[in-house]
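A closer look at the structure
The chain contents come next:
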Amino acid sequence: QVQLVESGGGLVQAGGSLRLSCAASGSIFSINYMAWYRQAPGKQRESVAGITSGGSTNYADSVKGRFTISRDNAKTRLYLQMNSLKPEDTAVYYCKVLRLGSSYWGQGTQVTVSS
């Protein structure tokens, strides 16, 4: 089992920045993928950014050039630096990890961007 706790969400004006953090604990060995997802009201949950165990990253087109995903080497912390935020970035942001074929999710953190 892996436990995930997100933090760092909040209310920010358009153009501002936030840094999300996800703390992983439990059976964190053999985690092979870590990612951020988000879900806006009335919409499906969508992938925002991911990072493999080898450090390769991927981003949704909507956030490329504005968001940066990173993690510590021990895979106990996952981060999402969000710059140039837009109102359409408003959503609950979730941390997700893949480990030995199983997915684990955090409880989410709210990000609200005002225009």
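This text goes with the structure placed above it.
Described in the following lines is the structure provided in the data block.

Cut-off values and rules
Residues numbered from 1 in each chain as written. Predicted model: local features only at pLDDT ≥ 70, side-chain atom pairs only at ≥ 80, totals over all residues. Heavy atoms only, no water. Disulfide = S-S within 2.5 Å. Helix = DSSP H or I, 4+ residues; strand = E, 2+ residues; numbered from the N terminus. Buried < 20%, exposed > 50% of the residue type's maximum accessible area, 1.4 Å probe, protein only. Contact = heavy atoms within 4.5 Å. Polar contact = N/O pair within 3.5 Å; in protein donor to acceptor, adjacent residues only side chain to side chain. Pairing = 2+ DSSP bridges. Salt bridge = Lys/Arg side-chain N within 4 Å of Asp/Glu carboxyl O.

A full pass over the atoms with the stated rule returns one disulfide. Disulfide partner of Cys22: Cys95, at an S-S distance of 2.2 Å. Because the sign of the S-S torsion sets the handedness, a value of about -80 degrees for the bond joining Cys22 and Cys95 places this disulfide among the left-handed ones. With a gap of 73 residues between them, Cys22 in strand E3 (residues 18-26) and Cys95 in strand E9 (residues 91-99) connect regions that are remote in the sequence. Exposure remark for Cys95: the relative accessible area of 0% places this residue in the buried category.

Examined against the element boundaries, Val92 turns out to sit in strand E9. Considering only alpha carbons, one finds Val92 and Tyr37, 55 residues apart in sequence, at a separation of 8.4 Å. Discounting chain neighbours no more than four positions away, the residues touching Val92 are Tyr37, Arg38, Gln39, Gly108, Thr109 and Gln110.

Attention shifts here to the side chain of Ser21. Relative to the elements of secondary structure, Ser21 occurs in strand E3. At 2.9 Å, the side chain of Ser21 and the side chain of Arg77 are in polar contact. Here Ser21 is in contact with Val5, Glu6, Ser7, Trp36, Arg77, Leu78 and Tyr79, once residues within four sequence places are set aside.

Looking now at the pairing of E9. Successive residues of a regular strand alternate their side chains across the two faces of the sheet. Counting buried residues in E9 gives seven out of nine residues, a clear majority hidden from the surface. Examined bridge by bridge, strand E4 (residues 31-39) and E9 share eight bridges and lie antiparallel to one another. Following the sheet pairing, Ala35 is matched in E9 by Lys96. Across three bridges, E9 lies against strand E11 (residues 109-114) in antiparallel orientation. Within E11, the position partnered with Val92 by the bridge is Gln110. Two strands pair when backbone bridges link them, and E9 and strand E10 (residues 102-105) are joined in this way by four bridges, in the antiparallel orientation. Residue pairing for E10: Leu98 is matched across the bridge by Ser103.

Turning our attention to the pattern of salt bridges. The full count for this structure, using the stated rule, is four salt bridges. With a closest N to O distance of 2.7 Å, Arg38 and Glu46 form a salt bridge. The class of Arg38 is buried, set by a relative accessible area of 6%. Here Arg38 makes a salt bridge to Asp89, at a shortest N to O gap of 3.0 Å. Of this pair, Arg38 sits in strand E4 while Asp89 is found in the loop between strand E8 (77-82) and E9, placing the two residues 51 residues apart along the sequence. The class for Asp89 is buried, based on a relative accessible area of 1%.

Keep in mind these values describe shape, not function.
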